[in-house]
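Geometric and topological summary
Listed below are the residues making up each chain.
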Amino acid sequence: MLGIGDTHRRFSVMGNSQRARRETPLGSAFAYLRTMLVFIAAWWAVSMWTSNPVLLPSPFAVIAAFVELAGDLELFKHAGISLGRMVLSLGLAALLALPLGLFMGLSRWFDALVDPVVELLRPISGIAWIPLALFIFGIGNALPVFIMTYAAFFPIVLGTIAGVRSVDRRLVDAARTMGIPDRTIVNRVVVPAALPSILVAVRLGVASSWTAVVAAELIGAPSGLGYAVEWYRELLMTPQVMAFIATIGVLGYLSDRSLRMLAQRFTPWASDASTAP
Amino acid sequence: MTFSSIRVARSVALPLTLIVVWQLLGTAMGNPRTPVPTRIAAAALQLTASGDLPLAIVQSLGRVFAGFMIAAAIAVPLGLAMGSSRAIERNVDPLVESFRPIAAIAILPLAILWLGTGTPAAMLIVAYAAFFPIVVNTIAGAKRVSPTLLRAAATMGLDHIQTIRTVIVPSALPAIGVGLRIAMGVAWTAIVAAELAVGAKAGGGGSGGIGQMMFVFYAYSIELNRIVVCMIAVGLVALVLDHVLRAGLRSLMPWVSQ
Amino acid sequence: MTESAVKLRLDSIGKRFDAGGTVAVQDFTLDVARGEFLVIVGPSGCGKTTILNLLAGLESPTSGTASLDGKRIGGPGPERGVMFQDYALFPWHTVLGNVEFGLRHGPAGNGLDAAAREQRVRKTIDLVGLKGAEHKYPHQLSGGMRQRVALARLVANEPDVLLMDEPLAALDAQTRIILQDELLRIWGQDRPPAERRTVVFITHAIDEAVFLADRVAVMTSHPGRLKAVIDVPLRRPRGDATRADPQSQALCQHIWSLIRDEAYRATVA
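Residues numbered from 1 in each chain as written. Chains lettered and ligands numbered in written order. Predicted model: local features only at pLDDT ≥ 70, side-chain atom pairs only at ≥ 80, totals over all residues. Heavy atoms only, no water.

With that settled, consider the environment of B:Gln59. Residue and element names in this part refer to chain B. As for its placement among the helices and strands, Gln59 is situated in helix 3 (residues 52-84). Classification of Gln59 as partly exposed rests on a relative accessible area of 32%. Taking the C-alpha atoms as reference, Gln59 lies 5.1 Å from Gly209; in sequence the two are 150 residues apart. Ignoring anything within four residues of it in the chain, the contact list for Gln59 reads Gly208 and Gly209. (Helix = DSSP H or I, 4+ residues; strand = E, 2+ residues; numbered from the N terminus. Buried < 20%, exposed > 50% of the residue type's maximum accessible area, 1.4 Å probe, protein only. Contact = heavy atoms within 4.5 Å.)

Here the second largest pocket defines a volume of roughly 1,200 Å³. Lining the second largest pocket we find 32 residues, and of these A:Val117, A:Leu121, A:Ile124, A:Trp129 and B:Trp22 sit closest to its centre. Of all the elements in the fold, those that place two or more residues in the lining of the second largest pocket are helix 4 (74-106), helix 5 (108-121) and helix 7 (142-165) of chain A together with helix 1 (3-28), helix 2 (37-49) and helix 10 (224-252) of chain B. Among the elements that make up the lining of the second largest pocket, the one with the highest residue count is helix 10 of chain B (six residues). (1 Å grid on protein atoms, 1.4 Å probe; cavity = no way out; pocket = protein on both sides within 12 Å on 5 of 7 lines; lining within 4 Å. Points joined across faces, edges and corners; volume = space filled by probe spheres on them.)

Here we come to the nonpolar core. Side chains of a nonpolar character, in soluble globular proteins, are inclined to be buried together. In terms of nonpolar packing, the biggest core is built from 182 residues, with A:Val189, B:Trp188, B:Ile210, B:Met214, C:Ile51 and C:Val200 touching the most fellow members. No other element matches the 18 residues that helix 8 (residues 160-201) of chain B contributes to this core. Inspection of this core shows a minimum of three residues originating in each of domain 1 (3-79 + 160-268) and domain 2 (86-159) of chain C. The residues contacting B:Ile210, other than those within four sequence positions of it, are B:Leu53, B:Ala56, B:Ile57, B:Ser60, B:Trp188, B:Val192, B:Glu195, B:Cys230, B:Ala233 and B:Val234. The next biggest cluster of nonpolar side chains, apart from the first, holds 50 residues, and it includes C:Leu89, C:Leu103, C:Cys252 and C:Ile255. (Core = buried A, V, L, I, M, F, W, Y, C linked by side-chain atoms within 4.5 Å. Domains from an automatic or database assignment.)

This part takes up the side chain of A:Thr160. Residues and elements named next belong to chain A. Mapped onto the elements of the fold, Thr160 is located in helix 7. Its relative accessible area of 0% is what places Thr160 among the buried residues. Of the polar contacts made by the side chain of Thr160, one reaches the backbone oxygen of Ile156; its length is 2.6 Å. Once you skip the residues sitting within four places of it in the chain, Thr160 turns out to touch Leu98, Gly101, Leu102, Ile198 and Ala201. (Polar contact = N/O pair within 3.5 Å; in protein donor to acceptor, adjacent residues only side chain to side chain.)

Contacts are most numerous, across the two pairs of chains in contact, for chains A and B. The two units chain B and chain C are non-contacting; their minimal C-alpha-C-alpha distance is 16 Å.

Here the focus is a nonpolar patch on the surface. Residue and element names in this part refer to chain A. Side chains of Trp44, Met48, Phe60, Ile63, Phe66 and Val67 sit close together on the surface and give an oily, nonpolar patch of about 600 Å² of accessible area. The set of elements that each furnish at least two residues to the nonpolar patch consists of helix 2 (25-50) and helix 3 (59-71). The dominant element in the nonpolar patch, judged by the number of residues it contributes, is helix 3, at four residues. Along the chain, the position of Val67 falls in helix 3. (Patch = residues over 30% accessible without salt bridge, like charges linked within 9 Å, V, L, I, M, F, W, Y side chains within 5 Å. Areas by Shrake-Rupley, 256 points an atom, 1.4 Å probe, with all protein chains shown as cover. Salt bridge = Lys/Arg side-chain N within 4 Å of Asp/Glu carboxyl O.)

This part is about the pairing of strand 9 (residues 215-220) of chain C. Residues and elements named next belong to chain C. Counting buried positions over the six residues of strand 9 gives six, a clear majority of the element. Residues Arg215, Ala217 and Met219 line one face of strand 9 and the alternating positions Val216, Val218 and Thr220 line the opposite face, and both faces are buried. Looking at chain direction, strand 3 (residues 37-41) and strand 9 are connected through four bridges and run parallel. If you follow Val39 over to strand 9, its bridge partner there is Val216. (Pairing = 2+ DSSP bridges.)

A few words on the pattern of salt bridges. Considering all chains together, one arrives at 31 salt bridges over all chains under this definition. Among the ionic pairs, A:Asp256 bridges to A:Arg203, the shortest N-O distance being 3.1 Å. Pair noted here: A:Asp256 is in helix 11 (residues 238-266) and A:Arg203 is in helix 9 (residues 182-220), with a separation of 53 residues, a long-range link. Using a relative accessible area of 23% as the deciding quantity, one classes A:Asp256 as partly exposed. According to the relative accessible area criterion, A:Arg203 is buried, its value standing at 7%. A salt bridge links B:Arg63 to B:Glu195, with the shortest nitrogen-to-oxygen separation between them at 2.7 Å. Of the two residues, B:Arg63 sits in helix 3 while B:Glu195 sits in helix 8, which places them 132 residues apart along the sequence. When its relative accessible area of 2% is taken as the criterion, B:Glu195 is described as buried. Among the ionic contacts, a cluster of salt bridges with common partners joins A:Arg169, A:Arg170, A:Asp173 and A:Arg176.

Facing the 61 residues of chain A at the interface are 61 residues of chain B. In total, about 5,400 Å² of surface goes out of reach between chain A and chain B, with carbon and sulfur atoms giving 75% of it. At the junction of chain A with chain B, the criterion picks out zero salt bridges. The interface formed by chain A and chain B holds four residue pairs in polar contact (both at pLDDT 80 or more) in total. Of all the secondary structure elements, the ones that give two or more residues to the side of chain A that touches chain B are helix 1 (4-10), helix 2, helix 5, helix 6 (130-137), helix 9, helix 10 (225-234) and helix 11 of chain A. (Buried area = accessible area lost by both parts, 1.4 Å probe.)

In short, the description is geometric, and any link to function would need to be established separately.
See the structure below:
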């Protein structure tokens, strides 16, 4: 028979923090390390068992490859190129998507006009554009940037529209009762109020763009992390392949984390819901 | 003109204008290969009539469903377990969170290394891609179960398994649904990407699917109109998948206001 | 009251939402005197907020007129400042930023240079009792403090009329009593009547209405109509003694008897 005390202990339901033990940073770091160590140990055991360094290299081989690639800066070169493309794409996407999203969110008329085009293009993922884009741009820098900009565009524009629409009506009313003109209200009330949601949208754009970078570089670029992964695969140098894949993951995580911290710094009043992953 | 027909007119105004402008500019360029709406429509008819397009779509869909089912079969129970037991979550979450930032397509070279350039590798990518949205949203759904409901179940004497089955699962169903919908979209994008990449690396050899077909049109026959047909097909299928899934989920959860 | 003493006039005003839809307010006629503290009381959903929105100019009437100093009200403006129930503070501004907002970006600040503006802002913050909290953000403040900020933001624009939509409803009972006293102080109940601003205050709490008001307008709902206007001759300045005064309690009972039936009906199907 399950008693109420058992319920609290067994079910980690949020809001139950009085009974549940709170996770300390040290505690969660410890748990993280423990799990990863178990994972690496299991990996090592399997790699020893299959003993095929091309199929499954030992974790130590991967770490060694990682260190070597970092040492001769090849890792950083490709990482830098991919990151550079992402920053550029994000800038382009934001430049297009933010004003567009703002207007669409503010004006029902404009939204009704433009939304059909957005909704028609949105289901066609950035990746589906690669063959056509390959034809237009050829293999090079432009292709990944185009694909990544396209990928980042939609989350940003949609999130901005949602953010603008969800601005508390009363804030706008309060400004109107102070006699403030509409254009000032947009600049001084709507934009700041929508900022937390817009930052979430940008984070989603970054994630989308970073996913696209791999696909784009794998197929259509002479440099970057995606290219490096594929290059080493063709050479059957699996430790290097894994090292680059891990780098892709780490950089993706760090980008998201830093954006979250930036959002926390610039919009400290935003509730946890809007900064959730 | 009635009110709703004005609405319809306004919706199609911009797309229609753009298509017309595109048609005019494209044909004016003189190159018969340039993709314009009329040629695209013709190519669409050809590809559908010959059965190539439907076959490719079915091949891709088959892989998507297979991979999606595998992912869901693992991710939903895992997510429920992690969402309802802090111990399980604490032990498994580091793994999930470490791999989540690594996009499915980045794993593709590994998948090809392990499984070759055929359907198994594609399914692995799809399953990997679909796994994370499902597990993340299922955890969130399980965690958000109202403590009051759990207490009510406890006072009625339900044991652990019963509580999961009768309280946590129904409560978490909307969130699980969200995860499934996101996963389906991700899975479809992933299969196109995987087939495209495999097509590019395997030199157009037969893995089939719409992604590979697109690549063939690019690299071998340089049929831009056909590429665009494939792109539109990709978009349409994505829309249909989402609608079907949404309708299916709605019928599963009549108590949720949409 | 004499014509020149009328600050706000609602003349057979009516508001219907969506042609053919619900009638929120019907045939409402009321004059508000200069410097008067008028409270509108009534059950939930009786159209009190609609009346306030019509006075604020946030909505326009479907029939009848609303006017200020004899001129028709056409839209919102700083001379009719509004205080909202959920404060509507700008979360990205500090207390200082919020209070100076209307002066910085709106017509109320015309003719004020930065120094004069700052002086008025600080004086207002001091008036509402928030000195020292200038650089705090709304999410760092308690409900009572936020309400003071909302009031300061409003008063800094030196409005002719203060319109308040259930400003104390979100506060706990004890904070509410404190803020009622503060509200009367800031309004100027210790000062001669000529120096007081006109206030239209909405509430559903009868005891609050009687405590604050010079007159209480009682509304009924479905559709929103003026049922009665009750004089509140309690002496100013008012305080805790007023709350205990039997005359005050008698007035509360009288007003309650006017809306009791309706309040009951709202709780059954």
